Amino acid sequence: MTDSLFFFLASLTLLCALMVVISKNPVHSVLFLILTFFTISGHYILLNAQFLAAVNIIVYAGAIMVLFLFVIMFLNQSQERVRTATISKFAGVTAGGLLFIVLVAALRDASVQTYDPETFDSQIGMVENLGKVLFGDYLLPFELASVLFLVAMVGAVMLGKKEEGEKHF
Amino acid sequence: MEPLTNRSKKLAKKEMTFAEKAYLPAIAQGLGITLKHFFKKKSTIQYPEETRQRSDVWRGLHVLKRDEEGRERCTACGLCAVACPAEAITMVAGERKVGEEHLYREEKYAVTYEVNMLRCIFCGMCEEACPKAAIFLQDDKIAPARYERDEFIYGKDRLVEPLKTTETK
Amino acid sequence: MESVDLIYKTIYILVIFGITLLIATYSTYAERKVAAFIQDRIGPNRAGPFGLLQPLADAGKMFFKEEFIPAKSNKALFILGPGVAMLIACMSSAVIPFGDMLIIGGREVYLQAIEVNIGLLYVFGVVSLGVYGVMIGGWASNNKFSLLGAIRAASQNISYELAMGLSIIAILMMTGSLSLREIAAQQAGFNWNIWYQPLGFIIFLVCAFAETNRTPFDLPECEAELVGGYHTEYSSMKLGLFLFAEYINIFVASAVMATLYFGAYNFPFMHELGALISDDPVIANNVITILGVVVMFAKIFFFIFFFMWVRWTLPRFRFDQLMKLGWQILIPLAILNIILTGGGILLKDHFFN
Ligand code: SF4
Ligand code: SF4
């Protein structure tokens with residue numbers, strides 16, 4: 001049951017992710033990206049990490065992708081398609097292929113840790129455990145990340161602030 | 001400048017107090033007002049079943065009167081049309097034939113007589129102008145709503161008072 | 001899961017779905033009645049007794065209207081928009097505990113469709129998705145007014161989601177749980193969260209108005225500036241779905257408010273009353289639970305009424321005022337609320353333990 005669900009979700013994820021790249025209309029791309037996030041959340045649920053699933057949907061699908069869509073809707077989608085030069089297509093394929101090879105090579109040697117049914121804790125992805133880990137073992141990185149966010153926010157406010165004498169339509 | 005009356009309210013632009021800035025007291029006040037209206041007596045009149053009480057001098061739909069013997073009084077003199085400020089009345093005059101004496105009182109009569117109820121402003125000038133006391137505005141009838149514009153042009157069929165055969169009013 | 005449980009869950013989900021739709025349907029009727037009463041009128045009263053069949057008449061009218069799709073619109077997305085709006089609106093009532101548990105034949109039956117330990121986040125996530133229907137529909141219409149409406153909806157929802165999330169965090173700090181059933185159970189009797197979180201409740205309330213696009217925050221469909229907003233190009237039942245989704249959202253928002261702040265199915269003296277009714281714990285429990293469901297729905301109806309009451313009282317905000325309220329007033333207030341709550345919890349631990 002879980003197996004077939006996993007394969008179904010995985011293929012759906014890959015399909016949606018592929019459609020993000022393939023579809024010609026940027027709005028369609030964004031919508032497929034949202035679907036991809038949903039399927040990834042599905043994977044989280046299969047892993048019994050409900051908190052991550054919900055947060056993934058709230059933060060990515062609910063907020064960031066809305067902003068993406070927001071910006072793309074503002075773009076003037078002209079009728080004529082943007083033509084890419086043959087050389088850049090070629091370069092893109094080469095770079096992508098190289099990356100793929102590197103990935104395959106790296107993953108081939110990596111040993112995947114299998115879980116041990118005896119010691120495996122199915123509750124590891126629950127909110128309480130996650131919170132304990134984040135505020136216990138990983139307190140410093142967590143706080144550093146939050147400081148980083150704060151700095152980014154202050155920077156964004158600085159950039160967005162009206163300057164003296166600046167005209168706003 | 002000296003104000004003409006002492007009724008005008010003095011307005012001074014004051015700094016808003018905290019309660020005004022917080023906005024919530026004002027909202028509560030507004031909610032109170034609407035809630036008061038919620039329980040007030042409703043002013044709706046269920047139209048077809050009940051009608052609003054009209055004044056005794058209400059000017060409603062026109063009627064072309066007949067005399068005591070049931071003959072039409074109108075002689076198509078056109079004074080009403082001249083008096084009409086909205087130019088709502090048109091008529092075609094005709095000569096009374098021999099044998100029609102029981103139908104028309106005067107020798108000249110209105111073959112057609114039309115009032116356009118969309119133009120009419122129910123001022124009652126036609127009533128004032130008529131030398132034969134032929135046209136009156138009724139106090140108990142109004143021109144009902146209809147779907148087509150032509151249906152508002154009332155001809156003689158709808159204007160002339162029906163023959164009083166039985167009623168004695 | 002046993003098959004009995006499965007059957008029960010299926011029935012329960014269908015019932016909740018039906019109730020949601022029914023309440024949304026009659027919200028349209030209630031909205032017109034409330035509007036009329038506030039304006040000293042009597043509202044729809046021709047279709048059936050007291051006009052009770054009015055929603056059916058409205059739906060019938062909607063279905064017989066011409067289905068219109070603008071020529072240069074994006075057809076697939078144009079059709080998808082209202083569907084997404086409706087789907088997402090219907091999803092969120094699944095985790096709301098409408099009642100405690102019934103004991104039927106020795107089996108404990110919880111009156112909640114799905115119990116997840118992140119119930120609150122689930123609601124929050126679904127609500128944050130709600131804007132997609134509006135955005136997709138507005139953009140696909142290929143109409144500037146629709147697009148502006150959609151963009152307003154997006155920016156408004158994102159802005160108010162922040163303040164809403166922050167006001168919820170204060171609740172989480174107090175209850176220490178994300179599960180709605182847990183939060184409801186902690187407010188047993190008259191121990192409602194509103195007594196501890198008045199500021200948080202006001203912030204949440206304002207945000208709920210903004211998230212459901214209700215007046216005074218119905219800028220996305222502001223007819224004075226944007227013709228009809230995001231649904232300018234919609235007609236027939238597709239328009240109906242958009243409007244219907246709004247009413248479902250109101251229902252869900254009311255239910256969440258009742259659960260989070262007004263004690264869900266709890267009412268004062270429930271345990272004393274239970275002891276009074278019967279000595280048999282099973283019967284007492286069941287009676288109290290059923291009463292609790294009634295109380296829950298009474299609370300929900302009150303909030304639905306409140307939404308309408310406010311709609312017919314307050315005028316619309318201007319868009320810059322809306323943004324200012326969201327970012328410069330509500331978010332700092334929500335953060336202040338979090339700090340106060342944290343301080344309160346610390347003080348309580350310090351002095352009363
Ligand atoms: S009531 Fe006034 S407007 Fe109407 S037909 Fe008579 S004169 Fe004309
Ligand atoms: S209604 Fe009176 S004023 Fe008008 S044409 Fe007839 S007689 Fe003359």
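Note that the coordinates shown come from a computational prediction; the quantities given were computed from them, not determined experimentally.

(A) Here's a closer look at the interface of chain C and chain A. Contacts between chain C and chain A engage 21 residues on the former and 25 residues on the latter. Buried area between chain C and chain A, both sides added, is near 2,000 Å², and the carbon and sulfur share of it is 79%. If you look at where chain C meets chain A, you find zero salt bridges. Here chain C and chain A share three residue pairs in polar contact (both at pLDDT 80 or more) between them. At the level of elements, helix 4 (119-129), helix 5 (131-140) and helix 6 (144-175) of chain C are the ones that each hand at least two residues to the side of chain C that touches chain A. At six residues, the largest contribution of residues to the side of chain C that touches chain A is made by helix 6 of chain C.

(B) View of the site of ligand 1. Close to ligand 1 lie 13 residues, the nearest being B:Cys84, B:Cys120, B:Cys123, B:Gly124 and B:Cys126. Per-class residue counts for the shell around ligand 1 are 11 nonpolar, two polar and no charged.

(C) View of helix 10 (residues 236-261) of chain C. Residues and elements named next belong to chain C. Over its 26 residues, helix 10 runs 38 Å from end to end, which matches the ideal 38 Å to within 8%, given 1.5 Å per residue. Extensive coverage of helix 10 is indicated by the burial of 22 of its 26 residues. Immediately beyond the C-terminal end of helix 10, within one or two residues, lies Gly263, with a positive phi of roughly 70°.

(D) Seen up close, the packing of helix 6 of chain C against helix 13 (residues 319-351) of chain C. Residues and elements named next belong to chain C. For the pair helix 6 and helix 13, the least separation of the axes is 8 Å and the interaxial angle reads 10°. The angle between the axes of helix 6 and helix 13 places the two elements in the roughly parallel class. Grouping the amino acids of the contact of helix 6 with helix 13 by side-chain chemistry returns 19 nonpolar, eight polar and one charged.

(E) Seen up close, the domain arrangement of chain A. Residues and elements named next belong to chain A. With domains assigned, chain A is organised as domain 1 (1-78) and domain 2 (122-162). Here the C-alpha centre of domain 2 lies 23 Å away from the C-alpha centre of domain 1. Between domain 1 and domain 2, the contact holds four residues from the first and six residues from the second. Taken together, the two surfaces of domain 1 and domain 2 that pack against each other cover about 430 Å², and 64% of this comes from carbon and sulfur. Per-residue buried area on domain 1 facing domain 2 is highest for Asn48, Gln50 and Phe51; these three make up 83% of the total on that side. Summed over the shared surface of domain 1 and domain 2, the result is zero salt bridges. Broken down by class, the residue content of the side of domain 1 that touches domain 2 amounts to two nonpolar, two polar and no charged.

Rules behind the numbers
Residue positions are given per chain, counting from 1 as you read along its sequence in written order. A letter from A marks each chain and a number from 1 marks each ligand, given out in the order of writing. Note on the predicted model: pLDDT of at least 70 is required for a residue's local features to be given, and 80 or more for side-chain atom pairs to be given and counted; whole-chain, interface and lining totals, by contrast, use all residues. Excluded from the side-chain calculation are hydrogens and water; included are all heavy atoms of the structure. Contacts are residue-level and defined by heavy atoms, with any inter-residue pair within 4.5 Å sufficient. Accessible-area loss on putting two parts together, using a 1.4 Å probe and summing over both, is the definition of buried area adopted here. By salt bridge we mean one thing: a side-chain nitrogen of Lys or Arg within 4 Å of a carboxyl oxygen of Asp or Glu. Distance and chemistry together define a polar contact, namely a pair of N or O atoms within 3.5 Å, with one atom able to donate a hydrogen and the other to accept it when in protein, and with adjacent residues in sequence counting only for side-chain atoms on both sides. Note on conventions: DSSP H or I runs of at least 4 residues are helices, E runs of at least 2 residues are strands, and numbering of each starts at the N terminus. Whether a residue is near a molecule or strand depends on its heavy atoms: it is near if one of them lies within 4 Å of it. The classification used treats Ala, Val, Leu, Ile, Met, Phe, Trp, Tyr, Cys and Pro as nonpolar, Asp, Glu, Lys and Arg as charged, and all other residues, Gly among them, as polar. Given the number of residues in a helix, its expected span is that number minus one, multiplied by 1.5 Å. Whether a residue is buried, partly exposed or exposed follows from its accessible area with a 1.4 Å probe, protein chains only, as a fraction of its type maximum: under 20%, in between, or over 50%, in that order. To get an axis, fit a line to the C-alpha atoms, keeping to the stretch in contact for a helix; angles then go from 0 to 180 degrees between the N-to-C directions. Put simply, angles under 35 degrees are roughly parallel, angles over 145 are roughly antiparallel, angles from 65 to 115 are roughly perpendicular, and the rest are oblique. Each domain span listed reflects an automatic or database assignment of domains.

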